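Listed below are the residues making up each chain.
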Protein chains: 2
Amino acid sequence: MDLRVTTKIQKEYFRKTRRSRDLYERSLSCFPGGISHNIRHFEPYPFYTKSAKGKLLQDVDGNDFTDYWMGHWALLIGHSHPVVASAVRNQASHGTLFGTANKLSLDLAYAIKEGMPRAELIRYSSTGSEATMYAVRLARARTGRRVVAKIVGGWHGYNTNLLQSVNYPFELDEGLGLIEDEEQFVESIPFNDLERSLKVLNTIRDDLACIIVEPVLGGAGCITPERDYLHGLQEFAKSNDALFILDEIVTGFRLSFKGAADEYKLEPDLFTLGKIVGGGLPIGVLCGDKDIMSLCNPVGREKGEIVCYIGGGTFAANPLTMTAGLATLQYLKQNKAVIYPKVNKIGLRIREGLESVFSDAHIDVDITGVGSLFMTHFLNQDIRKISSALDAGLSDKGLLRKYHLALIAKHNIFFLPEKMGAISSVHTMKDAELLIDATQQIVQSHLLSQGA
Amino acid sequence: MDLRVTTKIQKEYFRKTRRSRDLYERSLSCFPGGISHNIRHFEPYPFYTKSAKGKLLQDVDGNDFTDYWMGHWALLIGHSHPVVASAVRNQASHGTLFGTANKLSLDLAYAIKEGMPRAELIRYSSTGSEATMYAVRLARARTGRRVVAKIVGGWHGYNTNLLQSVNYPFELDEGLGLIEDEEQFVESIPFNDLERSLKVLNTIRDDLACIIVEPVLGGAGCITPERDYLHGLQEFAKSNDALFILDEIVTGFRLSFKGAADEYKLEPDLFTLGKIVGGGLPIGVLCGDKDIMSLCNPVGREKGEIVCYIGGGTFAANPLTMTAGLATLQYLKQNKAVIYPKVNKIGLRIREGLESVFSDAHIDVDITGVGSLFMTHFLNQDIRKISSALDAGLSDKGLLRKYHLALIAKHNIFFLPEKMGAISSVHTMKDAELLIDATQQIVQSHLLSQGA
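Residues numbered from 1 in each chain as written. Chains lettered and ligands numbered in written order. Predicted model: local features only at pLDDT ≥ 70, side-chain atom pairs only at ≥ 80, totals over all residues. Heavy atoms only, no water.

Details of the overall build of chain A
- The secondary structure content of chain A amounts to 15 helices and 15 strands.
- Against the compact-globule benchmark of 22 Å for 452 residues, chain A has a radius of gyration of 22 Å, which places it among compact chains.
- Along the longest, intermediate and shortest principal axes, the C-alpha atoms of chain A span 70 × 55 × 45 Å.
- Per-residue burial over chain A gives 67% buried out of 452 residues.
- Per element, the accessible surface of chain A, about 15,400 Å² overall, is 46% carbon and sulfur.
- One finds the centroid of the 50 positive side-chain charges in chain A at a distance of 7 Å from the centroid of its 52 negative side-chain charges. (Helix = DSSP H or I, 4+ residues; strand = E, 2+ residues; numbered from the N terminus. Rg over C-alpha atoms; globule rule 2.2 N^0.38 Å. Buried < 20%, exposed > 50% of the residue type's maximum accessible area, 1.4 Å probe, protein only. Areas by Shrake-Rupley, 256 points an atom, 1.4 Å probe, with all protein chains shown as cover. Lys, Arg positive; Asp, Glu negative; His and termini not counted. Charge placed at Lys NZ, Arg CZ, Asp CG, Glu CD.)

What follows is the structure in structure tokens.
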């Protein structure tokens, strides 16, 4: 493992994160690559968080970072929000894992239904990866068909059913350990290119079980849908007796109290939630049409009748996650008139401000995003505008890593390098200005120029 | 949904769980079958837990149940143990989801390695289902082969790769929504029948990626391995260049501070943990040989080099789970000389006591189990001894449900109906005597006879 720090920015990062470097060296003898999640590694080594409160991450060296990663974009009301912390503290003495039915899971279901009434029936799992895996299974059960269409670069977790065309350049083998027979029933379509998407879909229409899509591509680079794209997919699915599945794990309760289906006027048959609705604790949720969801109901079946087996899992609907999620949704509901306009306004200011800073310096960027989500893409001769994961893959990721590390090292502003940023309700317009100023300083100090 | 209570025991259950019945009726409009986990439903309807402390579950009607389900057998030191509750309470204000590297994940890794030194490298996920899914993927990556051998009735979660031959009578289609192409690379072998198992394995040896096995069948009915069975499988795997994977999600840190690999002197290439090591919070862990585990290391790869992508996930290594797991393993380490002999002694007394009660009443049972795990199987003309999932499937499940519901309704003793029992460190020998006495009363009152 090469832990040498070579660039000027890396040296500055090293000076302030010495304890993290020691911990990372120890981690290498415990975890493959020293990490527990592929994307949490960044060059030269990740810092180690000691405490997180509000918008701040404090590392083991005592640095405070303003956090735009926000727990994989899950923490819309900030780290350890008092209402969540209090709910968790209280529940800790009354059971974290009943393993039985509990009223909290019912209360959370009502809260979800209030924001997203298309959640006619709900099933909890413990991760988003599980929820999307079960969505695919349910779609196959409902339609009796096999093929799943997903977006090139679409990210639905590491489950076997959807680990396809996730990593740029997408057409390569998606990784060791997946067998061809698992891969042959996943077809990938290009985001925001309805004509080409429909062309692909038409070739598989007879065996098409579902189309699954994130309304805003998250992991692939914060890419918003162009007019009519999602509607085109939905229409194709419905007119071909396939299911339209919206993966709202990132967007649910973020774009508004209702999520992307409402924002873009979509009517998914099934949709998945996660992140925000768990209040910072592990959760995945599969929701949707009651006839489809009922295919997994094991109760009262005739002997020999086959159901669609979906989780569940030991930790599903555990009271600790339920109470944290419930506290979060209740808080969002009470304050939605303030929170959503606020985070969206900050998002807009950041997108405009960054655009202007880079434009003034003649650095070509596309700042993508919507509402409280945003991302900087550095353009080059190959790519002039970002509207799909392929576009994002062609952008200058090396420059993006340098920019993000400079923000960390010189300005104590944290984006997980290469990943989009998310604003929480505890961020302020002043934070936006600080980010814009920091970016301007980085640009002016030529830290982004070659060799720096 | 038929919520009528028909038997005498059901009527007694209904009288004490009226509020639960109301909640269950409301749950039917939120969840398929009114539940979030298939097995948590039982006839006529499940009670709703309000609080859990130590060995007790308190329901919404104010009943206190002595719990032998113990959160899917995860809570070896009881519900809301003070050391765990305190760790969770403290962490709640310092971040539940950093989304970054953290020292707690390293400390938990050291604690796991101390008990199970074969965990050369570790990767956290958030559920056991994820851990076993990734184990299979890693085995296929390592061997370049496709076939996974699992035990008939073996339970490794609801993931697509291992949802085969899980439900009696096993040879049926395992459920809607799984495609044949996913199923064709899973072969099932009968537990404790080495000769037949090897016969099956021999037919697939050239394409065999791994054999995955729970050392003690959990979900299938608490069935212990007969002499040489697991060794026979291990030897076959090793001599045919396939991986031997031990699923220790139930047994890890339960049979002893070391788990089943140590107890049965096995040397798995990979093994999975969950339940106990999360301290009652969501966790899955994949561990094992460092060369194999390193196949998932994404750091420092050459461009174009392919890795085995395994989770991770948003909630992997989250500080709340890490601190709860760490508090649990530290407590177990400090008290292992007391805890393991104690729970094992209570287990032995229960197995012997129940055996004797049923035997005196001329009711044929096989009380299976080891250490702190145990289960009652009612025998009949079809089956005289339980040594595989098929045997357990042939036993009288109707009688078992009746027995378990009678314990709940008349004696406030809770087993998840049809499931094995687990003893925690806060159970006492007096609890064992109460369970044995209650069983005797149930037998003597003829509640188990037909029509009761």
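Concerning the sheet that holds strand 2 (residues 56–59) of chain B
- The strand order across the open sheet formed by five strands is 4(A)-1(B)-2(B)-3(B)-14(B), and the pairing between neighbours is mixed. Bordering the open sheet on either side are strand 4 (101–102) of chain A together with strand 14 (413–414) of chain B, each of which pairs with just one other strand.
- Taken together, the two bridges between strand 4 of chain A and strand 1 (residues 48–53) of chain B define a ladder with parallel strand orientation. If you follow A:Ala101 over to strand 1 of chain B, its bridge partner there is B:Tyr48. (Pairing = 2+ DSSP bridges.)

Let's talk about the relation of the copies chain A and chain B
- By a simple turn and slide, chain A fits onto chain B: the slide is 0.0 Å along the axis, the RMSD is 0.0 Å, and the turn is 180°. As the rotation angle and translation indicate, the two copies are arranged about a two-fold axis. In terms of C-alpha distance to the rotation axis, chain A has A:Arg89 as its closest residue, with the C-alpha 2.3 Å off the axis.
- Taken together, the interface assignments show that 100% of the residues at the interface of chain A recur at the interface of chain B, consistent with an identical surface on both copies. (Least-squares fit on C-alpha atoms with pLDDT ≥ 70 in both. Contact = heavy atoms within 4.5 Å.)

Some words on the packing of helix 14 (residues 397–411) of chain B against helix 15 (residues 429–444) of chain B
Residue and element names in this part refer to chain B.
- Where helix 14 contacts helix 15, the two axes come as close as 10 Å, and the packing angle between them is 105°. The orientation of helix 14 relative to helix 15 falls into the category roughly perpendicular. On the side of helix 14, the interface is formed by Tyr403, Ala406, Leu407 and His411, while helix 15 contributes Leu435, Ala438, Thr439, Gln441 and Ile442.
- Tallied by class, residues from the contact of helix 14 with helix 15 come to six nonpolar, three polar and no charged. (Axes fitted to C-alpha atoms, helices over the stretch in contact; angles between N-to-C directions. Parallel < 35°, antiparallel > 145°, perpendicular 65-115°, else oblique. Nonpolar A, V, L, I, M, F, W, Y, C, P; charged D, E, K, R; others polar.)

As for the pattern of salt bridges
Residues and elements named next belong to chain A.
- As enumerated under the stated definition, the model contains 27 salt bridges over all chains in all.
- Of the charged contacts in the structure, one is a salt bridge between aspartate 364 and arginine 384, with a shortest N-O distance of 2.7 Å. One end of the pair, aspartate 364, is in the loop between helix 12 (319–360) and strand 12 (365–370); the other, arginine 384, is in the loop between strand 13 (373–378) and helix 13 (389–394), and 20 residues separate them in sequence.
- Residue class for arginine 384 comes out exposed when judged on its relative accessible area of 52%.
- The partner of arginine 401 in a salt bridge is glutamate 418, with the nearest N and O atoms 2.9 Å apart. With arginine 401 in helix 14 (residues 397–411) and glutamate 418 in the loop between strand 14 (413–414) and strand 15 (421–422), the pair connects residues that are 17 residues apart, well separated along the chain. (Salt bridge = Lys/Arg side-chain N within 4 Å of Asp/Glu carboxyl O.)

Some remarks on the pairing of strand 12 of chain A
Residue and element names in this part refer to chain A.
- With five of six residues buried, strand 12 is to be regarded as a mostly interior element.
- Sheet topology places strand 12 next to strand 13; six bridges connect them, and they run antiparallel. By the bridge assignment for strand 13, valine 365 is matched with phenylalanine 378.
- Between strand 12 and the antiparallel strand that follows it, strand 13, lie two residues; glycine 371 among them carries a positive phi value of about 55°.

Description of the interface of chain A and chain B
- On the side of chain B, 112 residues touch chain A, which itself brings 112 residues to the contact.
- Both faces combined, the contact of chain A with chain B buries some 9,700 Å², and carbon together with sulfur accounts for 62% of it.
- Linking chain A to chain B there are zero salt bridges.
- Summed over the shared surface of chain A and chain B, the result is 44 residue pairs in polar contact (both at pLDDT 80 or more).
- For the side of chain A that touches chain B, the element with the most residues is helix 6 (residues 128–143) of chain A, which contributes seven residues.
- Residues that form the side of chain A that touches chain B fall into these classes: 54 nonpolar, 40 polar and 18 charged. (Buried area = accessible area lost by both parts, 1.4 Å probe. Polar contact = N/O pair within 3.5 Å; in protein donor to acceptor, adjacent residues only side chain to side chain.)

Some words on the domain arrangement of chain A
Residue and element names in this part refer to chain A.
- Partitioning chain A into domains gives domain 1 (8–79 + 336–444) and domain 2 (82–331).
- Just the C-alpha atoms count here: the centres of domain 1 and domain 2 sit 26 Å apart.
- The partner domain 2 presents 31 residues to the 32 residues of domain 1 that form the contact.
- Where domain 1 abuts domain 2, roughly 2,600 Å² becomes buried across the two surfaces, and 67% of that area is made up of carbon and sulfur atoms.
- Here domain 1 is connected to domain 2 by zero salt bridges.
- At the surface where domain 1 touches domain 2, the tally comes to ten residue pairs in polar contact (both at pLDDT 80 or more).
- Within the residue set of the side of domain 1 that touches domain 2, elements represented by two or more residues are helix 3 (70–73), helix 12, strand 12, strand 13 and helix 13.
- Here the residues of the side of domain 1 that touches domain 2 sort into 19 nonpolar, ten polar and three charged. (Domains from an automatic or database assignment.)

Looking at the sheet that holds strand 15 (residues 421–422) of chain B
Residue and element names in this part refer to chain B.
- Taking strand neighbours across the sheet as the criterion, the three strands line up as 12-13-15 in an open arrangement whose pairing is antiparallel. In the strand order of this sheet, the two ends are held by strand 12 (365–370) and strand 15, each with one partner.
- Bridging between strand 13 (residues 373–378) and strand 15 involves two bridges; their strand directions are antiparallel. For phenylalanine 374, the partnering residue across the bridge sits in strand 15 and is glycine 421.

Topic: the packing of helix 2 (residues 18–27) of chain A against helix 5 (residues 103–115) of chain B
- Between helix 2 of chain A and helix 5 of chain B, the shortest axis-to-axis distance is 11 Å and the interhelical angle comes to 30°. Relative to helix 5 of chain B, helix 2 of chain A is oriented so that their crossing is left-handed. Residues A:Leu23, A:Arg26 and A:Ser27 of helix 2 of chain A pack against B:Lys103, B:Leu106 and B:Tyr110 of helix 5 of chain B. (Left-handed = near helix turned anticlockwise from the far one by under 90°.)

Observations regarding a nonpolar patch on the surface
- A surface patch of nonpolar side chains, amounting to about 240 Å² of accessible area, comprises A:Tyr168, A:Leu390 and A:Leu394.
- Residue position: A:Leu394 is located in helix 13. (Patch = residues over 30% accessible without salt bridge, like charges linked within 9 Å, V, L, I, M, F, W, Y side chains within 5 Å.)

Concerning the environment of B:Gly288
Residues and elements named next belong to chain B.
- Along the chain, the position of glycine 288 falls in strand 11 (residues 284–288).
- Exposure remark for glycine 288: the relative accessible area of 1% places this residue in the buried category.
- Sequence separation between glycine 288 and arginine 123 is 165 residues; the distance between their C-alpha atoms is 9.4 Å.
- With sequence-adjacent residues up to four places away left out, glycine 288 is seen in contact with Arg118, Ala119, Glu120, Leu121, Asp269, Leu270 and Met293.

Side note on the pairing of strand 12 of chain B
- Within strand 12 of chain B, six of the six residues are buried, which leaves it mostly tucked inside the rest of the structure.
- Burial along strand 12 of chain B is two-sided: B:Val365, B:Ile367 and B:Gly369 and B:Asp366, B:Thr368 and B:Val370, pointing in opposite directions, are all buried.

A word on unusual backbone geometry
- Cis rather than trans, the peptide bond between A:Glu43 and A:Pro44 has omega equal to 0°.
- In this structure, A:Pro44 sits in the loop between helix 2 and strand 1 (48–53).
- Here B:Cys222, not a glycine, exhibits a phi torsion of approximately 55°, which is positive.
- One non-glycine residue, B:Ala317, adopts positive backbone phi at about 60°.
- By the element assignment, B:Ala317 lies in the loop between helix 11 (290–293) and helix 12 (319–360).

What about the packing of aromatic side chains?
All names here are of chain A.
- Per the counting criterion, the structure on display carries 36 aromatic pairs over all chains.
- When the ring of phenylalanine 42 is compared with that of phenylalanine 414, the centres are 6.3 Å apart and the planes differ by 45°; the resulting orientation is tilted. Remark: phenylalanine 414 occurs in strand 14 and phenylalanine 42 occurs in the loop between helix 2 and strand 1; sequence separation between them is 372 residues. Both residues of the pair, phenylalanine 42 and phenylalanine 414, count as buried.
- Taking 5.9 Å as the distance between ring centres and 85° as the angle between the ring planes, the aromatic pair formed by phenylalanine 378 and tyrosine 403 counts as edge-to-face. Taken together, the positions of phenylalanine 378 in strand 13 and tyrosine 403 in helix 14 put the pair 25 residues apart, joining distant regions of the chain. With respect to class, phenylalanine 378 is no different from tyrosine 403; both count as buried. (Phe/Tyr/Trp six-rings, centres within 6.5 Å; stacked < 30°, edge-to-face > 60°.)

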